[in-house]
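Listed here are the chains, written in short residue letters.
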Amino acid sequence: TVLLELKNVSKQYGKDTKALSDVNFSVKEGEFVSIIGPSGAGKSTLLRCINRMIDASSGDIIFDGDNVCTLGKKNLKTLRTKIGMIFQHYNLVKRLSAMENVLHGRLGYKSTFAGVLGIYNQDEKEKALNLLEGLGLGEQIYKRADQLSGGQKQRVGIARALIQEPKMLLCDEPIASLDPNSSKVIMDHLRNITTSYGITCLVNLHQVDAALKYSDRIIGVNQGKVVFDGAPDEITDEI
Ligand code: ADP
Ligand code: ADP
């Protein structure tokens, strides 16, 4: 079944910058899809439109049966629990521990009384602990985020996204700041999250080799347009 569908999505910044022009594609449940393309192609804009961090200028984005573009505030919150975000620069709270970052990342948490006081219940703690251990961070649970390596930070970012039990992860250049070893660890985890847990991944990558190795499908974007959409073995030198 189709989880995400983009229909004629365009995005214009200001008067002159057309970041996306008539983008069409869909992603099936349980697919691992990479978006590749040069810097400035519109990849990041694309992901930000999908979870409504920004508004598309025109077109429709259907996620899990809802039109993302017309969702009201309340439904938007629900949408964002279903879509986990992973960032190039991790976006962790530096002074908080790995564990607190994961717990704190839960949507709506910061606006609750417990959230203000930093109190978490036992179930949530256990869930965070299991996720961190599953990601190989058993030794780092109480370390401050700013004392972790880049690869460890990104794994905390993944745990923070997973604690909401999302249907899909949107990953914006998740390995662009990492060395080859950490990159492999992160890509292996992301791939496993799709293969073993059925969570759909849509990943912006500028490393074509990683896209080829890990993806079920690759979408090539250039100057705001989809220029390729197919399996890794259909990639030729032309794009
Ligand atoms: P990519 O992620 O592929 O590098 P982006 O989506 O970041 O591409 O950018 C696509 C185009 O939109 C680029 O020309 C970029 O300069 C422009 N752009 C991105 N964000 C903004 C913004 N907030 N305001 C104006 N222009 C932007
Ligand atoms: P194993 O012991 O087989 O390695 P784990 O449960 O320890 O399995 O987790 C391994 C991988 O599965 C990690 O990449 C982790 O991110 C992912 N994972 C663990 N729990 C979940 C979950 N609830 N949802 C999605 N992915 C998960």
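Residues numbered from 1 in each chain as written. Chains lettered and ligands numbered in written order. Predicted model: local features only at pLDDT ≥ 70, side-chain atom pairs only at ≥ 80, totals over all residues. Heavy atoms only, no water.

1. Some points on the nonpolar core
Across soluble globular proteins, nonpolar side chains show a tendency to be buried alongside one another. Note the threshold: The set of buried Ala, Val, Leu, Ile, Met, Phe, Trp, Tyr and Cys residues whose side-chain atoms join them within 4.5 Å is what this entry labels a nonpolar core. Partly exposed describes any residue whose relative accessible area lies between the buried limit of under 20% and the exposed limit of over 50%, with all areas from a 1.4 Å probe on protein chains only and scaled to the type maximum. Numbering of helices and strands runs from the N terminus; a helix is a DSSP stretch of H or I covering at least four residues, while a strand is a stretch of E covering at least two. Any two residues having at least one pair of non-hydrogen atoms within 4.5 Å are treated as being in contact.
Counting residues in each nonpolar core, the largest one holds 40 residues, and the members touching the most others are Leu132, Val156, Ile158, Leu169, Leu190 and Leu205. Looking at this core, the elements with two or more residues in it are strand S3 (32-36), helix H3 (98-104), helix H5 (122-134), helix H6 (150-162), strand S7 (168-172), helix H7 (180-197), strand S8 (200-205) and helix H8 (208-214). The greatest single-element share of this core, amounting to five residues, is contributed by H6. For Leu169, the contacting residues outside a window of four places in its chain are Gly84, Ala161, Leu162, Leu190, Ile193, Ile199, Thr200, Cys201 and Leu202. Cys49, Ile61, Leu76 and Leu170 belong to the second-largest nonpolar core, a separate cluster that totals 29 residues.

2. Topic: the confidence of the model for the chain
Cut-off, in case you're wondering: The predictor attaches a confidence to each residue, and that confidence, scored 0 to 100, is pLDDT.
Put simply, the chain has an average pLDDT of 93, and 93% of its residues get 70 or more. Listed scores for the predicted complex are pTM 0.91 and ipTM 0.76.

3. Section: the site of ligand 2
Here is the rule we go by: Nearness is defined per residue: one heavy atom within 4 Å of the molecule or strand is enough. Polar contact is defined as a pair of N or O atoms within 3.5 Å, subject to the rule that within protein one atom must be able to donate a hydrogen and the other to accept it, and that residues adjacent in sequence are counted only when both atoms are side-chain atoms. For the accessible areas, the method is Shrake-Rupley and the probe is 1.4 Å, while residue cover comes only from the protein chains on display.
In the vicinity of ligand 2, the residues found are Leu131, Gly134, Leu135, Leu162, His189, Asn192, Ile193, Tyr197 and Ile199. Separating an oxygen atom of ligand 2 from a side-chain N or O atom of Asn192 is a distance of 3.1 Å. Within the side chain of Tyr197, an N or O atom sits 3.0 Å from an oxygen atom of ligand 2. Out of a free accessible area of 550 Å², ligand 2 has 57% covered by protein chains. Looking at the shell around ligand 2, the elements that each hand over two or more residues are H5 and H7. When residues of the shell around ligand 2 are assigned to their parent elements, the largest contribution, four residues, is made by H7.

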